[in-house]
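# Report on the structure
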Amino acid sequence: MPINIHGKQYITVAERVAEAHKLLEEKGFSIVTEVLLHSPVVIKATVTIGENVFSGISAANPTKAIEKASPYEVAETSAVGRALGFAGFGIVDGIASADEINKVNDFSL
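All of the points below concern the structure found in this document. (Residues numbered from 1 in each chain as written. Predicted model: local features only at pLDDT ≥ 70, side-chain atom pairs only at ≥ 80, totals over all residues. Heavy atoms only, no water.)

### Here we look at the overall build of the chain
Check the secondary structure of the chain and you find four helices and five strands. Each helix and strand of the chain, ordered N terminal to C terminal, gives the series β-β-α-β-β-β-α-α-α. Across the 109 residues of the chain, 38% fall into the buried class. Long-range contacts, defined as pairs at least 24 residues apart, comprise 51% of the intrachain contacts of the chain with a sequence gap of at least 6. Only carbon and sulfur atoms are counted for the fraction: they give 56% of the accessible area of the chain, which is about 6,300 Å². (Helix = DSSP H or I, 4+ residues; strand = E, 2+ residues; numbered from the N terminus. Buried < 20%, exposed > 50% of the residue type's maximum accessible area, 1.4 Å probe, protein only. Contact = heavy atoms within 4.5 Å. Areas by Shrake-Rupley, 256 points an atom, 1.4 Å probe, with all protein chains shown as cover.)

### A look at the pairing of strand β5 (residues 52–59)
As paired elements, strand β4 (residues 41–49) and β5 share eight bridges and run antiparallel to each other. Within β5, the residue paired with T48 across the bridge is V53. In this antiparallel pair of consecutive strands, β4 and β5, the connection spans two residues, and G50 shows a positive phi of 60°. (Pairing = 2+ DSSP bridges.)

### So, the packing of helix α1 (residues 13–21) against helix α3 (residues 71–86)
Direction vectors running N to C along α1 and α3 enclose 55°, while the axes themselves pass 9 Å from each other. By the angle class used here, α1 and α3 are oblique. Pair α1 / α3 crosses with left-handed handedness. In contact with V13, R16, V17 and A20 of α1, α3 contributes T77, V80, G81, R82, L84 and G85. (Axes fitted to C-alpha atoms, helices over the stretch in contact; angles between N-to-C directions. Parallel < 35°, antiparallel > 145°, perpendicular 65-115°, else oblique. Left-handed = near helix turned anticlockwise from the far one by under 90°.)

This is the structure we're talking about:
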């Protein structure tokens, strides 16, 4: 269900992942994450669907409490959301997920 943030509609990463999981039975579908940097934490997610490959990258912001406490988890979630967005999952008004916009605007969903 899209979330309205500043007049635009965004989908959460959880909803994108749920939509993508419907393809799990199809051959050649995967989501893989990797740490590119540890300081600052930068994560790359790669979504493969058959021969199509989509990636998303996210960095944790150590000045924000949740990202300082769980930098890998926060960056990984955003990277997965971006990769799934580039693959076409949960696109309404843009590639960014509701979670990512939440990070930027610093408010709760």
